[in-house]
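# Examination of the molecular architecture
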Amino acid sequence: MPRRWYRRGMIALLLLAQLQLAPPPSSATGASGSIDPVAATRAYLDQLPADDKAKSDAYFEGGYWLSLWSFLWTAGVFLLLLGTGWSARMRDRAERMTRFAALQTLLYWVQFLAVTTLLFLPLSIYKDWLREHQYGLSNLTFAAWLGEEAKGLGISLIIGSLTMVVLYAIVRRLPRTWWIWGAAASIALLAFAVLIGPVFITPIFNSPKRLQDQRVVAPILSLARANGIPAGEVWEIDASKQSKRVSANVSGLLGTMRITLNDNLLARASLPEIEAVMGHEMGHYVLDHIYKGLLEIGLVIAVGFALLSTLFERFRARNPRWGVRDVADPAGLPLAALLFFAYLFAMTPVINSIIRSNEYEADMFGLNAARQPDGFAQAALHLSEYRKLEPGPLEEIVFFDHPSGHTRIFAAMRWKAEHPETWSR
């Protein structure tokens, strides 16, 4: 046999082996005639080496403090802009350049974005590059990371400009009810961002392509058709360009909606794991979680705008040295942003619970659709590389925007215990 054909055959065998699920722990097989979900869950959790678990816990728990320091840093930046008069001077500069209010808002935003990007840069370097490398999760060199940040800055310049111009136009024209219409406009702009995301935003950072491997594509499309999803293609994204994380997602809106898996998942997961993950993502589609999420987060935004309309004038009036005239003055953006982000920070448990409940619904849909409880459990172990596997109940409520690995594996083992027909797989 020619050597090249031998190599190709070995590669094919390796790929085929990769698509096979690792044997489940003995307590999860049903060999004894029953499955105890608690014992089966414990057996799966114990498969993660102690060193890996400690590393994952340290990474995730460090994120709790990082969230606090990020909020304090953000508050410090906004107070600096107000207290030094920088924000008022940026407004004055914009007003000298044009007499049109919309253009003044735009010019102020350009200055604001440039200044805050520089002031946030040290924190961003630590949080998004250095720390990710410390825990072995990033594949980006520092130069490549800066390139990604520059792309994000460009997007913020365009979308942020549109957002600021629209919101401040509403505030000027509707001084009494601006918070209602501003919240409605924010939700509409958020929906627009979701709509264009897969088609225009994602390709700026990655290269999505249709997945060609029929061993993976065929069962996924079959699963989609069985659940009423009119899918004719499966998308793959080269996430390994940036990260080592395995993931998949449903993104887009209306005609741009896509179910996508990343190449890390393809390289490291078995076919049952991939089916379990894609079943979860299809759950988001079938259960209309994008629309539901927009409504739920929209309510959070509306409450935040109502509080902002109440508190803004009180803080402004007590601090005349800031040089902020009223809520329609772009120089007040740091104050408005500080109040709104403080509200969102306080609402973290609520926002996380909203997202987590949708994720759990998708988990249960995926288990019923793909019928791969062991694949789902193995996938949860992969996610433990950057999510704490076994948090306490209150810890999960406050800090987790997805169900924990323990919650997910227990749900899978409970489902498996109640479906003996899957034990022989």
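We now turn to the structure provided with this report.

What counts as what
- Residue positions are given per chain, counting from 1 as you read along its sequence in written order.
- In keeping with the model being predicted, local features are shown solely for residues with a pLDDT of at least 70 and side-chain atom pairs are shown and tallied solely at 80 or more, while totals for entire chains, interfaces and linings include all residues.
- Hydrogens and water molecules were not included; the side-chain quantities draw on all heavy atoms of the structure.
- Only buried residues count toward a nonpolar core, which is a set of Ala, Val, Leu, Ile, Met, Phe, Trp, Tyr and Cys residues joined through side-chain atoms within 4.5 Å.
- Here's how the labels work: a residue is buried when its accessible area is under 20% of the maximum for its type, exposed when over 50%, partly exposed in between, all with a 1.4 Å probe on protein chains only.
- Note on conventions: DSSP H or I runs of at least 4 residues are helices, E runs of at least 2 residues are strands, and numbering of each starts at the N terminus.
- In what follows, residue pairs with any heavy atoms lying within 4.5 Å of each other are defined as contacts.
- In what follows, salt bridge is the name for a side-chain nitrogen of Lys or Arg lying within 4 Å of a carboxyl oxygen of Asp or Glu.
- Two aromatic rings from Phe, Tyr or Trp, using only the six-membered ring of Trp, form a pair when their centres are within 6.5 Å; if the ring planes differ by under 30 degrees the pair is stacked, by over 60 it is edge-to-face, and anything between is tilted.
- Pairing between strands is defined by DSSP: at least two bridges between them are needed.
- Residue count minus one, scaled by 1.5 Å, sets the expected span of a helix.
- Here the bend at each residue means the angle between axes fitted to two seven-residue stretches, the one ending at that residue and the one beginning there.
- Between the N-to-C directions of two axes lies an angle of 0 to 180 degrees, each axis being a line fitted to C-alpha atoms and, for a helix, fitted only over the stretch in contact.
- Take the far helix as the reference: if the near one is turned anticlockwise from it by less than a right angle, the crossing is left-handed, and if turned clockwise, right-handed.
- Only Asp, Glu, Lys and Arg are considered charged, only Ala, Val, Leu, Ile, Met, Phe, Trp, Tyr, Cys and Pro nonpolar, and every remaining residue, Gly among them, polar.
- Here, patches come from residues exposed beyond 30% relative accessible area and free of salt bridges, joined within 9 Å for like charges and within 5 Å for nonpolar side chains (Val, Leu, Ile, Met, Phe, Trp, Tyr).
- Note that accessible areas follow from Shrake-Rupley with a 1.4 Å probe, and for residues the cover is restricted to the protein chains shown.
- Residues are called lining when one of their atoms sits within 4 Å of a cavity or pocket point, these points coming from a 1 Å grid over the protein atoms alone, where a cavity is a set in which a 1.4 Å probe fits but cannot get out and a pocket is an open set with protein on both sides within 12 Å along at least five of seven lines.
- Grid points are joined across faces, edges and corners, and a volume is the space filled by probe spheres set on the points.

## Details of the nonpolar core
If you look at the biggest cluster of nonpolar residues, it comprises 38 residues, and the most contacted ones within it are Phe112, Phe312 and Leu333. Only helix H3 (50-83), helix H5 (101-134), helix H6 (142-173), helix H7 (178-205), helix H11 (289-317), helix H12 (333-346) and helix H13 (348-370) provide two or more residues apiece to this core. Considering each element in turn, this core owes the most residues, eight residues, to H12. Setting aside chain neighbours within four positions, we find Leu333 in contact with Tyr108, Trp109, Phe112, Met164 and Tyr168.

## Brief notes about the pattern of salt bridges
Evaluated as defined, the whole model comprises 22 salt bridges. One salt bridge in this structure joins Arg325 and Asp92, with 4.0 Å as the shortest N-O distance. Of this pair, Arg325 sits in the loop between H11 and H12 while Asp92 sits in helix H4 (residues 86-97), and the two are 233 residues apart along the sequence. Each of Arg91, Asp92, Glu95, Arg325 and Asp329 takes part in one network of salt bridges that share partners.

## Some points on the packing of aromatic side chains
Summed over the entire model, instances satisfying the criterion amount to 16 aromatic pairs. Centre to centre, the rings of Phe60 and Tyr64 are 5.7 Å apart; their planes meet at 90 degrees, and the pair counts as edge-to-face. Of this pair, Phe60 and Tyr64 both sit in helix H3, four residues apart, roughly one helical turn. What makes Tyr64 buried here is its relative accessible area of 17%. Measuring from ring centre to ring centre gives 6.1 Å for Phe78 and Phe112, while their planes differ by 20 degrees; the resulting arrangement is stacked. Of this pair, Phe78 sits in helix H3 while Phe112 is found in helix H5, placing the two residues 34 residues apart along the sequence. Exposure class is identical for Phe78 and Phe112. Each is buried.

## Some remarks on the sheet that holds strand S2 (residues 235-237)
One open sheet holds the four strands; their spatial order is S1-S2-S4-S3, and the pairing between them is mixed. A single partner strand is all that each edge strand has here, and the edge strands are strand S1 (209-210) and strand S3 (248-251). Here S3 runs beside strand S4 (residues 258-262); their pairing, made up of four bridges, is antiparallel. In the sheet register, Val250 faces S4, and the bridge partner there is Ile259.

## Structural notes on the environment of Leu106
Mapped onto the secondary structure, Leu106 falls in helix H5. The exposure class of Leu106 is partly exposed, given its relative accessible area of 28%. Not counting the four nearest positions on each side in its chain, Leu106 is found in contact with Ser161 and Val165.

## Remarks on H3
End to end, H3 covers 49 Å across 34 residues, agreeing with the expected 50 Å (1.5 Å per residue, within 8%). Approximately 25 degrees is the largest bend angle found in H3, and it occurs at Tyr64. Two residues or fewer after H3 comes Gly85, characterised by a positive phi angle close to 80 degrees.

## Here's the deal with the packing of H13 against helix H16 (residues 405-417)
Running from amino to carboxyl end, H13 crosses H16 at an angle of 35 degrees, the nearest separation of the two axes being 11 Å. Relative to H16, H13 is oriented so that their crossing is right-handed. Contacts from Glu359, Tyr360, Asp363, Met364, Leu367 and Asn368 in H13 reach Thr407, Arg408, Ala411, Ala412, Arg414 and Trp415 in H16. Counted by class, the contact of H13 with H16 contains six nonpolar, two polar and four charged residues.

## A closer look at the environment of Leu265
Structurally, the position occupied by Leu265 is in helix H9 (residues 263-268). You can call Leu265 buried: its relative accessible area is 3%. For the pair Leu265 and Gly304, spaced 39 residues apart in the sequence, the C-alpha separation amounts to 37 Å. Filtering out sequence-adjacent residues up to four positions away, Leu265 remains in contact with Val246, Ser247, Ala248, Ile274 and Val277.

## Some details on a nonpolar patch on the surface
Residues Trp65, Trp69 and Leu72 make up a contiguous nonpolar surface patch of roughly 370 Å² in combined accessible area. Here Trp65 shows up in helix H3.

## Examining empty space enclosed by the protein
Over the atoms, a rolling probe the size of a water molecule traces out where space has been left empty. Going through the model one piece at a time under the given rule, you end up with one cavity of 30 Å³ or more. Considering only enclosed or pocket space, the largest cavity measures out at about 60 Å³ in volume. Forming the walls of the largest cavity are Ala380, Leu383, Ser384, Arg387, Lys388, Leu389, Pro403, Ser404, Gly405 and Arg408. At the level of elements, helix H14 (373-383) and H16 are the ones that each hand at least two residues to the lining of the largest cavity. Residue classes in the lining of the largest cavity are distributed as four nonpolar, three polar and three charged.

## What to know about unusual backbone geometry
Despite not being glycine, Asp288 shows a phi value in the positive range, around 55 degrees. Locating Asp288 in the fold gives a position in the loop between helix H10 (271-286) and H11. Non-glycine residue Arg371 carries a positive phi angle of around 55 degrees. Note on placement: Arg371 falls in the loop between H13 and H14. Look at Arg371 and you get partly exposed, because its relative accessible area is 26%.

The values are spatial; any link to function lies outside them.
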